Amino acid sequence: MSDRTTTAVTAGQQLALDQLRQITGSARGGVFLAHVDTAPAKAPTGFVEARISVGCAGLSRAEGGLRLRSEEPVTLYIPPDFPFEVPLVYTRHSRFAGAPHVVWAHFPCLYRSTATEWDPADGMYGFITRLLDWFRAAAAGELDAPGEPLHPPHAVGDYADGLLVVRRDAPAAEDDEPWLGAALLHRISDERSDVVGWLPFGQPWPPTLADARAAAQLPNGAEVFLAPAVITADHLTFEYPDTARALITALARGRITARMVLGLVGVAADHNRRLRTAAEQTGPDGTPHPLAPVHLLLGTPSRGTSGHGPRRTHLVAWHLPDFADKLTRRAVTAYVDRQLPELGDEIMQIGEEWLDTLTTRWIRLYEARPEVTVRRDHHTPAAWLHGKRILVLGAGALGAPAADICARAGAAHLTVVDQSLVHPGIPARQPYADADIGYPKADVLAARLNQIAPHATRIEPVVADITRGLPALDVHSFDLILDCTANRVVRAFLERARRTDPTHWPHLATVMIGHQATRGIAALSPHGATGGGADVLRRTALTARTDPTGALADMVEDFFPTEPRTELFQPEPGCSDATFTGSAADVTALAGQLMTGILHALNTPADQHTMAALTVRTPSGPTDPQPAGPRWLTWPNDTIITDDATGYDVRIAPAALAEMRAEARRGARVRGPRVETGGMLLGAIDDSTGIIYVDEATGPPPDSLLAETYFQHGLDGVPRHLAARRTATGNTSRFLGLWHTHPHSPAQPSATDRTAMELLTLPLDDAPARALVLIAGGPQPVWQKWLATGDGPDLYARLAARTTAATTPPATTVPPGRPRSALWWPGGYATRPTTDNPLPAPRRSDDARP
Amino acid sequence: MVETELPERGVVFWPVGTGDSTTIVLGGDLVLQVDLRDMKAADEKGAVVAAVIDRLADTLPRPNWLDGKTPYLAVFALTHADLDHCCGFGDLLDSGILIGEIWATPRLWREISEDTTMCEDAQLFQDEVERRVAATLEALENGEEPASGDRVRIIGYDDDRDQHSYSELPDEYFTFPGKTITMIDGNDLSETFEAFVHAPFKGDCAGERNETSLALQIRMHTGDGTTGRLLLLGDLAYPTIKKIFDNSEYFSNTDRVEWDLLLSPHHCSKKVMYAKGEDGEEERKQDILDQFEIYASPDARVIASSRPFRDQDEKGHNPPHLLARDAYEEITVLPVLCTGEYPTQDEPRPVVFALEPFLGFELVDVAELESKSLVMKAAGGGRRMLAALGTTRFPAAAFTATAALPSPRAAAAARSAVEQARGDKAAPATPLGFGDA
């Protein structure tokens, strides 16, 4: 080991060398330090060179793994800022050329992301460990495990000449023949152009600017031009040379001659000229527009992200301003209807001269090609949004962040509907700026989001009242509707539209935050769910209120208070919707959490989609009691039938149907298979949406009478039960009607049933003005199957409404034609029939009247 | 390596103290030995030098065309007649090994005629060469080719040649600087082997003995187009080596000075790159180091065939010189490999470089040789010999025969070096007392 000490090393470099010597000083060998040069000739200024060798004997080599020496020599370049900057590894040999994670044949790349993988505290110890890991993986052929991100080689050069962003998948050379053609460039600014298409030589190129724009789906006015592009058939392991001559010579080995390159430059220049009228060829200030391309794209096959898949084209861009200038002035007019070699001849003279004088200059090139890039949100729930069409209702505290999330996730289209304007108080927590004040939120938001990914995502603003604007929108064209309005009217409107629309709606997510922005709820009605946002939130309230653990009590208090909230927050004087208090941090956090939850749910397999609600809470301070974490509630679809009278949806919760079935089964077992039974239905009627919710069913009270063709619902304990349920559900679930069975016969109302319906709604005492009569029945196979397996019975529903103002009770409740010999059963849990005749007179239970 | 087989060909540098003993295994039955140092110390308890002749006798091929029993050394080449290059030659003659052909320089004849002091082994070597010259001339007189065992090749030119019997040999028994040898004891190896002669130069024939050393570039080719290149420069010092580089550049022969392995001249002597300047003071000669660097391959490696390096150079110290080692390490990435330190000072082993496809000359890890030696010995041929030589143990090894073989080039050693440096498993080694009494 020898040290040439000339210039002073930094403290960091000294640390690196000390650590390195600790390692190489090991009695067991393993790592050997040959030489340290503090002023190496071939390194960037200030770097210290340390040449080491690493024992690699005994590493198992797999098929396709690198052949390593038993002692591998490497040169380390230690930066002055070590350990805050990572040393470079260089190999003098090019034995690793072409291997994954080897840049330009000589630079093994140890870290994909130094920010996360490099630990300054572990310094050289970690670095050498990483080097050992690299050699182990290299020998095992595991450097390029499938799915690993691509590590594109760089062309090192002067980056002051601009920037190219490559957006479209590049062509590849086929059958060992190089690909020749042009890249279609969209000029974004003086410094930047985007590659938005590829035009092979020999096929027609867009004859006009409009055609070129159309080909790349660019808006009118977008400036487009062509740049020549060549893609070699062979994997290049050479470092890109630094003179044009050397580069051309290297390309010639891939059967791309100087003549072809120069000819292609000419053809592209000519086409650029033809795309423009004479007027367009001059810029606004009178200077000639650069007709000739200023870039030449050069592609070589390189590995793709899949590792074992086909090789992808690796691109670099060569900056040719001088040459372009010469061509423009002297030679452009010559390129009309010529063949490539012929054109090449004509400019060979210019070219030859140029080749010898020009150094190659590479411009910065950023990859945005789908084929070689992996989105950063890949494998996250947000990946669901990519390419989707989203309708965002509301552009406020939740809608604006949600729309932003969708745009960043690469949604193909967003429609943002909101009619409100930006007020001065809004920027405190919504992503709007001072300059936006007075403008519609939807317009401002769309304009901002349209800048995120203009080549991939379009945002369309609709400034309108949602209930009026929605019919004009084709809701079925969307994949997801986000209702971020926190508006009951919008919710009811959507529920109704969704119900009456025969086609299945897209996924619908309804999000809300609490009055202090500390809690949020997302109600999810996936495609095919029976309930929309209003329905799901209603059952959220029911579940939260009746949760025996009380874990959701805060949610009930915040979102579903029994008493209307009295302290409403009016942010500005004057007439305004009451709003909530909360900061940008609160609402953005809640929006992000709710969106993540929704996207997780949407990512589950379609056959597992259910109506669901997510509750989230923001964290509190370190010494405060911590709120519970996110929680999902889920519900299977309801059984839906249509009310005979109103056409309303009758949504029977699975729990209610299960209760009916349990009673029917018990009845069949205890009272005989043909004895009817029944009970009460609890729920609610929503006339705005046209939905009758059946939440619960009860069995027959003890004073009921049950026979084969007759069911008389008793009253024992009924008022008390109803009162208890009203209290428990915050009056959400009330007396709704009565159900009974028609074992083995059609679910159709009999004459007796029709009479009962009228009696039920008579204006007596607290009798309801409307009540649902539900009949479960069906022919024998259907009935038996329901009892045995739970497969739905035939159902009949009718919302009986009070039609008369009758004041007298009917003469009798005994149905006509009652068979004398019938066996009668009481309700409740009796297990014996009543054989003696006296039909019990209807009784009022004691608790019916306090 | 998962390669289950050691290649058939390669180079072995023996740990023989400060001296040279290089065995080049050419495949088939052909082995070329350049110089020899077989010291009495090798037979003593605790020896850290190899008993080269015994091991050669054990391991050399015993071709059937001979008698299936006699160990066969195709060529013995002597770079020059110093004891540290020919020690034990007499024993070699007596060992029962058949030496097919001997390569010699004309220098010995000059020394004998000038009555220069010469060691006994050099004298015996010279006698043997004389015998071969006579036998060859006799065979030719009888219209026959000299038999294996009688062959001789004179390399280099001396202007006193007319005074000596060898001058009667026909031209094909001579090779002059600038020429290539591809015949090994009558076998044409031109497809796989070349020995390019750089020196002795005609003009140096009367110079210091060291400066008349035979200098060769050995090239060995594999089937996949890989070439391994070894520079053997004897005990040459700065002026002659500089001349070799300059001549090669002048004659556009620079491919003949390219190297993957360099047996450092004169056992890693500083005289290669330190010489007297115009003021008569010794100075570092960067020009020759630059030339060494230019013609070195990226993975080039310098071998010091010497005792272990001392901690520092002192005036009057014989080679190996730290100054030389440092100078070489300035131009290579791989550290200088000292035969006396490989794999450890306590238990040196012959350094085996196998000729690998794609890699060229490749250091074969001792542990790997050990673990595979049984298989490889069974494989026979050069493979067997490389394995056998690489696993040679010396008496010193007897102490540690049961201990794990040190394997400083194992990947595991590298990991443990980092762990040790970082202190991953560090713990106090001894009980320690504290107190204010």
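None of the values given here were measured: they were computed from a predicted structure.

Caption draft 1: Expanded view of the overall build of chain A. When helices and strands are counted, chain A shows 19 helices and 32 strands. Of the contacts made within chain A by residues no fewer than 6 positions apart, 68% connect residues no fewer than 24 positions apart.

Caption draft 2: Focus on the overall build of chain B. When you go through chain B residue by residue, the secondary structure sums to 12 helices and 21 strands. Expressed as a percentage of its 437 residues, the buried residues of chain B come to 54%. Considering only intrachain contacts with a sequence separation of at least 6, the fraction spanning at least 24 residues in chain B is 68%.

Caption draft 3: Looking closely at the interface of chain B and chain A. With 34 residues of chain B at the contact, the number on the chain A side is 37 residues. With 11 residues, the top contributor of residues to the side of chain B that touches chain A is helix H12 (residues 411-422) of chain B.

Caption draft 4: View of the pairing of strand E12 (residues 193-199) of chain B. All names here are of chain B. When you tally the buried positions in E12, you get six out of seven residues, the bulk of the element. Strand direction decides the pairing type here: strand E9 (residues 180-181) and E12, joined by two bridges, are antiparallel. The partner of Thr-180 across the bridge, within E12, is Phe-196. Alignment of E12 against strand E13 (residues 215-221), held across six bridges, turns out to be antiparallel.

Caption draft 5: Here's a closer look at the confidence of the model for chain B. Residues and elements named next belong to chain B. In this model, chain B carries a mean pLDDT of 88, and residues with pLDDT of at least 70 account for 92%. The low-confidence segment residues 396-402 (pLDDT under 50) makes seven contacts with residues lying over four places distant or belonging to another chain. Taken together, the chains of this predicted complex give a pTM of 0.67 and an interface ipTM of 0.88.

Caption draft 6: Spotlight on the packing of helix H3 (residues 123-139) of chain A against H12(B). Between H3(A) and H12(B), the shortest axis-to-axis distance is 10 Å and the interhelical angle comes to 165 degrees. Taken together, the axes of H3(A) and H12(B) are roughly antiparallel relative to one another. At the point where H3(A) passes H12(B), the crossing takes the left-handed sense. Of the residues in H12(B), those touching H3(A) at A:Tyr125, A:Ile128, A:Thr129, A:Leu132 and A:Arg136 are B:Ala411, B:Ala414, B:Arg415, B:Val418, B:Ala421 and B:Arg422. Looking at the contact of H3(A) with H12(B) residue by residue, the class counts come to seven nonpolar, one polar and three charged.

Caption draft 7: Unusual backbone geometry, seen in detail. That bond from A:Phe82 to A:Pro83 is cis: its omega, 5 degrees, falls within 30 degrees of zero. Topologically, A:Pro83 is positioned in the loop between strand E4 (71-78) and strand E5 (88-90). Residue B:Pro200 is reached from B:Ala199 by a cis peptide bond, and omega for that bond is 15 degrees. Summarising the element assignment, B:Pro200 is placed in the loop between E12 and E13.

Caption draft 8: Structural view of the sheet that holds strand E19 (residues 507-513) of chain A. Residues and elements named next belong to chain A. Across the sheet, eight strands lie side by side as E17-E16-E15-E18-E19-E20-E21-E22; this open sheet has mixed pairing. Where the open sheet ends on each side, the last strands, each with one partner, are strand E17 (458-462) and strand E22 (631-635). Direction aside, the axes of adjacent strands within the sheet are offset by 15 degrees on average. Of the pairings in the sheet, the one linking E19 to strand E20 (residues 519-525) comprises six bridges and is antiparallel in character. Within E20, the residue paired with Ile-513 across the bridge is Gly-520.

Caption draft 9: Inspection of the sheet that holds strand E28 (residues 710-712) of chain A at higher detail. Residue and element names in this part refer to chain A. Pairing in this open sheet of three strands is antiparallel, and the strands run E28-E27-E32 from one edge to the other. Whereas interior strands pair on both sides, the edge strands pair on one side only; in this sheet they are E28 and strand E32 (825-826). Inspection of the sheet shows strand E27 (residues 705-707) paired to E32 by two bridges, in the antiparallel sense. Residue Leu-706 lies in a different strand from E32, and its bridge partner there is Trp-825.

Caption draft 10: Looking closely at helix H6 (residues 238-250) of chain B. Residue and element names in this part refer to chain B. Taking 1.5 Å per residue as the helical rise, H6 with its 13 residues ought to reach 18 Å, and the 18 Å between its terminal C-alpha atoms agrees with that figure. Turning to H6, its buried residues number three or more, namely Tyr-238, Thr-240, Ile-241, Ile-244 and Ser-248. Looking at the buried positions of H6, the neighbouring elements they touch are E12, E13, helix H7 (265-268), strand E16 (274-276) and helix H8 (286-294). Immediately beyond the C-terminal end of H6, within one or two residues, lies Ser-252, with a positive phi of roughly 55 degrees.

Caption draft 11: Representation of the environment of A:Asp753. All names here are of chain A. Among the secondary structure elements, Asp-753 is positioned in helix H18 (residues 751-760). Residues Asp-753 and Ile-775, spaced 22 residues apart in sequence, show a C-alpha to C-alpha distance of 9.3 Å. Leave out the neighbours within four places in its chain, and Asp-753 touches Val-773 and Ile-775.

Caption draft 12: Focus on the confidence of the model for chain A. Residue and element names in this part refer to chain A. Residues with a pLDDT of 70 or more make up 83% of chain A, whose mean pLDDT is 83. A low-confidence stretch, residues 146-157 (pLDDT under 50), is modelled with 29 contacts involving residues beyond four sequence positions or located in other chains. Here residues 304-308 is modelled with pLDDT under 50, and outside its nearest four sequence neighbours on either side it reaches 19 contacts, counting other chains as well.

Caption draft 13: Quick look at the environment of B:Leu108. All names here are of chain B. Inspection of the secondary structure puts Leu-108 in helix H4 (residues 107-113). Residue classification places Leu-108 among the buried residues on the basis of 26 C-beta atoms within 10 Å. A C-alpha to C-alpha distance of 9.4 Å links Leu-108 and Arg-209, two positions 101 residues apart in sequence. Residues contacting Leu-108, with those up to four places away along its chain left out, are Ala-81, Ala-122, Gln-126 and Val-129.

Caption draft 14: Up close: helix H12 (residues 488-500) of chain A. Given a rise of 1.5 Å per residue, 13 residues ought to cover 18 Å, and the 18 Å separating the end C-alpha atoms of H12(A) matches this to within 8%. Buried within H12(A) are the following residues: A:Val490, A:Arg491, A:Phe493, A:Leu494, A:Glu495, A:Arg498 and A:Arg499.

Caption draft 15: Quick peek at the pairing of strand E8 (residues 163-166) of chain A. All names here are of chain A. What you see with E8 is a clean split: Leu-164 and Val-166 sit on the buried side and Leu-163 and Val-165 on the side with no burial. Relative to strand E10 (residues 192-200), E8 runs parallel, the two being bridged by four bridges. Residue pairing for E10: Leu-163 is matched across the bridge by Arg-192. Here E8 runs beside strand E14 (residues 362-367); their pairing, made up of four bridges, is parallel. Considered in E14, the bridge of Leu-164 is made with Leu-365.

Caption draft 16: The environment of B:Arg229, seen in detail. Residues and elements named next belong to chain B. Topologically, Arg-229 is positioned in strand E14 (residues 227-232). Here Arg-229 falls in the buried class, since 24 other C-beta atoms lie within 10 Å of it. The sequence separation of Arg-229 and Gln-217 amounts to 12 residues, and the corresponding C-alpha distance is 6.8 Å.

Scoring rules and cut-offs
Residues numbered from 1 in each chain as written. Chains lettered and ligands numbered in written order. Predicted model: local features only at pLDDT ≥ 70, side-chain atom pairs only at ≥ 80, totals over all residues. Helix = DSSP H or I, 4+ residues; strand = E, 2+ residues; numbered from the N terminus. Contact = placed C-beta atoms within 7 Å. Buried ≥ 20, exposed ≤ 12 C-beta atoms within 10 Å, placed from the backbone. Pairing = 2+ DSSP bridges. pLDDT = per-residue confidence, 0-100. Axes fitted to C-alpha atoms, helices over the stretch in contact; angles between N-to-C directions. Parallel < 35°, antiparallel > 145°, perpendicular 65-115°, else oblique. Left-handed = near helix turned anticlockwise from the far one by under 90°. Nonpolar A, V, L, I, M, F, W, Y, C, P; charged D, E, K, R; others polar. Expected span 1.5 Å × (residues − 1).

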